[in-house]
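Structure assessment
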Amino acid sequence: MKNSKKKKIGSLFYWLFLLLYSAALIGICVIALKVAWNFAEKYELSMPDDIISSYVDGLQGNILDGAVMDTIKAMPHAFQSDEEVAQIVTDMFSGRIEYAEGESESPDIKVYYLICDGYSFGKVYLMKDQSKSPYFSAYGYEIKLPYDLRPWLFYKEEFDFSGLYSGIEVTVPNNYHVMLNGRQFTSDYIVEDNIKMDCLSDYYDICAGLPVKVKYRYENIIGKLEPVIYDEAGDVYTIDTTRDDSQFLKPCAPEKLARLDEFCGQFSQNYLRYISGVYGEPSVGYYNLQPYLLAGSDLDERMINNQDGLGWAHTSSFNLDSYSLTNAIELGDGFFVCYITADSTTYTTGKGEQKTTSNLKLLVLDDGNSIKAVSMI
């Protein structure tokens with residue numbers, strides 16, 4: 001009977017101990033799970049991936065956030081409005097925005113490059129929460145671990161769209177004007193002036209007031225814009241890159257061309273006859289040519305000085321076979337350049353008959369009353 005009672009008491013103590021042990025074990029497990037859960041939360045927060053991914057997703061949904069617009073407004077874009085640049089940025093960054101971690105000078109800061117279609121356009125900085133402890137804390141105890149458990153926070157962002165810049169350079173006559181996106185280039189954008197026209201390079205030392213060119217340059221175009229050129233009459237002009245600067249010169253009016261043609265025909269006859277040496281007395285030839293020369297001009301002096309040599313030419317006959325005024329360029333202030341082609345036949349003792357084609361570039365001055373030859377170029 002006593003043994004039976006002892007067995008019952010022992011069994012009761014056993015189950016009670018087992019219950020208490022189980023309760024303690026469950027309590028320890030709950031505490032351990034709570035600590036583990038707390039650690040897992042802190043560990044997850046100490047990883048930057050979610051923060052940067054969330055930021056990039058937000059930027060993808062609204063590329064024109066406040067910082068982007070502030071960057072756009074701060075960028076020089078004199079020929080484009082903020083709205084136009086914003087639309088260009090939106091279009092150019094419509095693809096998937098990605099990020100790549102860069103180097104940081106501090107272990108408490110992470111740097112990520114923002115990339116779209118292979119182009120890096122900004123940086124995002126994350127910083128460890130300086131108000132938190134880097135150690136794991138459980139029930140008042142801090143446990144030092146080999147990694148920092150402070151959470152990452154958004155620190156700052158930087159955008160750089162300077163890589164979107166392109167530039168233009170255009171050279172036009174100084175009486176033309178250039179428009180870009182509906183706005184006219186002013187003299188502030190001239191980087192070079194008084195550029196000589198290639199087709200007139202021989203005449204600048206002879207004539208004052210010849211047309212010159214200016215070069216405009218602008219290097220802060222965001223995206224792509226094409227300049228529109230207007231000539232002196234206000235008409236749109238397209239430069240032909242296969243031609244020289246003569247394309248900028250106005251063709252002579254028909255009545256002027258006819259006047260020049262008549263003069264050049266008479267001049268060619270007398271000039272070629274004179275230099276052929278057909279005159280036994282060169283002064284006679286100069287006398288016949290003189291009415292077509294501007295007194296005291298370069299050509300006049302040359303013809304006077306040529307008289308001595310022409311006396312030894314021994315030319316017995318001269319004939320102007322054909323003549324053509326192939327082109328005439330108006331330089332301004334009454335000056336013209338006349339392009340003449342003439343065929344002639346001479347007969348010289350000892351040499352016989354000779355045929356010659358002469359291509360002349362003659363500078364003439366038309367004062368409205370008469371035309372005079374100034375120089376042979």
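These remarks concern the structure in this document.

1. What about the overall build of the chain?
Secondary structure summary: the chain contains eight helices and 17 strands in total. Looking at the chain as a whole, 35% of its 377 residues qualify as buried. Residue pairs in contact within the chain that sit at least 24 positions apart in sequence constitute 64% of those at least 6 positions apart.

2. Considering the sheet that holds strand β11 (residues 212-222)
The strand order across the open sheet formed by three strands is β7-β11-β10, and the pairing between neighbours is antiparallel. The sheet is open, and its two edges are formed by β7 (165-173) and β10 (190-196), each paired on a single side. Recorded for the sheet is a direction-independent mean angle of 20° between the axes of neighbouring strands. Here β7 runs beside β11; their pairing, made up of eight bridges, is antiparallel.

3. What to know about the sheet that holds strand β17 (residues 371-376)
Across the sheet, four strands lie side by side as β14-β15-β16-β17; this open sheet has antiparallel pairing. In the strand order of this sheet, the two ends are held by β14 (315-332) and β17, each with one partner. With strand direction ignored, the average angle separating the axes of adjacent strands in the sheet is 35°. Docked against the sheet, helix α5 (residues 254-276) engages β14, β15 (335-348), β16 (352-366) and β17, running at close to 145° with respect to β14. Sitting on the sheet, helix α7 (residues 298-305) is in contact with β16 and β17, with an inclination near 70° to β17.

4. Section: the pairing of β16
Taken together, the 14 bridges between β15 and β16 define a ladder with antiparallel strand orientation. In the sheet register, Ala342 faces β16, and the bridge partner there is Ser358. Connecting the antiparallel pair β15 and β16 is a turn made up of three residues, with Gly350 showing a positive phi of about 95°. Here β16 runs beside β17; their pairing, made up of five bridges, is antiparallel. Across the sheet, Leu363 pairs through a bridge with Ser375, a residue of β17. Hairpin connection from β16 to β17: four residues lie between these consecutive antiparallel strands, with Gly368 at a positive phi of about 95°.

5. Section: the nonpolar core
Buried together is how nonpolar side chains tend to be arranged in soluble globular proteins. In this structure, Leu260, Phe263, Phe267 and Leu362 are the most contacted members of the largest nonpolar core, which totals 31 residues. Counting only elements with at least two residues in this core, the list comes to α5, α6 (282-289), α7, β14, β15, β16 and β17. The biggest single contributor to this core is α5, with seven residues. Discounting chain neighbours no more than four positions away, the residues touching Leu362 are Phe263, Phe267, Leu299, Phe336, Val337, Cys338, Ile340, Ala373, Ser375 and Met376.

6. Focus: the environment of Met127
As for its position among the elements, Met127 is in strand β3 (residues 119-128). With relative accessibility at 22%, the residue Met127 sits in the partly exposed group. Linking Met127 and Trp152, residues 25 residues apart in sequence, is a C-alpha distance of 5.5 Å. Those residues in contact with Met127 that sit more than four places away from it in its chain are Asp108, Ile109, Pro151, Trp152, Leu153 and Tyr155.

7. Comments concerning the pattern of salt bridges
Within the structure shown, the criterion is met by eleven salt bridges. The closest approach of N and O atoms between Arg259 and Asp366, which form a salt bridge, is 2.9 Å. Here the residue Arg259 occupies a position in helix α5, and Asp366 occupies one in strand β16, the gap between them amounting to 107 residues. Owing to a relative accessible area of 15%, Asp366 belongs among the buried residues under this scheme. Each of Glu169, Glu192, Lys215 and Arg217 takes part in one network of salt bridges that share partners.

8. Considering the pairing of strand β2 (residues 109-116)
The sheet contact formed by strand β1 (residues 97-102) and β2 spans six bridges and is antiparallel. Bridge assignment links Gly102 to a residue of β2, and that residue is Val111. In sequence, β1 turns back onto β2 through a hairpin of six residues. Summarising the sheet, β2 and β3 pair through eight bridges and their orientation is antiparallel. Within β3, the position partnered with Tyr113 by the bridge is Lys123. Hairpin geometry of β2 and β3 is characterised by an intervening segment of two residues between the two adjacent antiparallel strands and by a positive phi of about 55° at Asp117.

9. A short note on the environment of Ile109
Positionally, Ile109 belongs in strand β2. Taking C-alpha positions, Ile109 is 4.5 Å from Met127, a pair spaced 18 residues apart along the chain. With residues up to four places along the chain from it excluded, the contact list for Ile109 reads Ser104, Tyr125, Leu126, Met127, Trp152 and Tyr155.

10. Examining the packing of α5 against α6
Where α5 contacts α6, the axes come no closer than 9 Å and their chain directions differ by 165°. Considering the angle they form, α5 stands roughly antiparallel to α6. At the point where α5 passes α6, the crossing takes the left-handed sense. Packed against α5, whose contacting residues are Phe267, Asn270, Tyr271 and Tyr274, the element α6 presents Pro282, Gly285, Tyr286, Asn288 and Leu289 at the interface.

11. Digging into unusual backbone geometry
Of note, the phi angle at Asn181 is positive, near 55°, even though the residue is not glycine. With respect to the helices, strands and loops of the structure, Asn181 is situated in the loop between β8 (177-180) and β9 (183-184). In this structure Asn181 comes out as partly exposed when scored by relative accessible area, which is 28%. Positive phi outside glycine occurs at Asn194, with the angle close to 55°.

Here is what the cut-offs are and how they apply
Residues numbered from 1 in each chain as written. Predicted model: local features only at pLDDT ≥ 70, side-chain atom pairs only at ≥ 80, totals over all residues. Heavy atoms only, no water. Helix = DSSP H or I, 4+ residues; strand = E, 2+ residues; numbered from the N terminus. Buried < 20%, exposed > 50% of the residue type's maximum accessible area, 1.4 Å probe, protein only. Contact = heavy atoms within 4.5 Å. Pairing = 2+ DSSP bridges. Axes fitted to C-alpha atoms, helices over the stretch in contact; angles between N-to-C directions. Core = buried A, V, L, I, M, F, W, Y, C linked by side-chain atoms within 4.5 Å. Salt bridge = Lys/Arg side-chain N within 4 Å of Asp/Glu carboxyl O. Parallel < 35°, antiparallel > 145°, perpendicular 65-115°, else oblique. Left-handed = near helix turned anticlockwise from the far one by under 90°.

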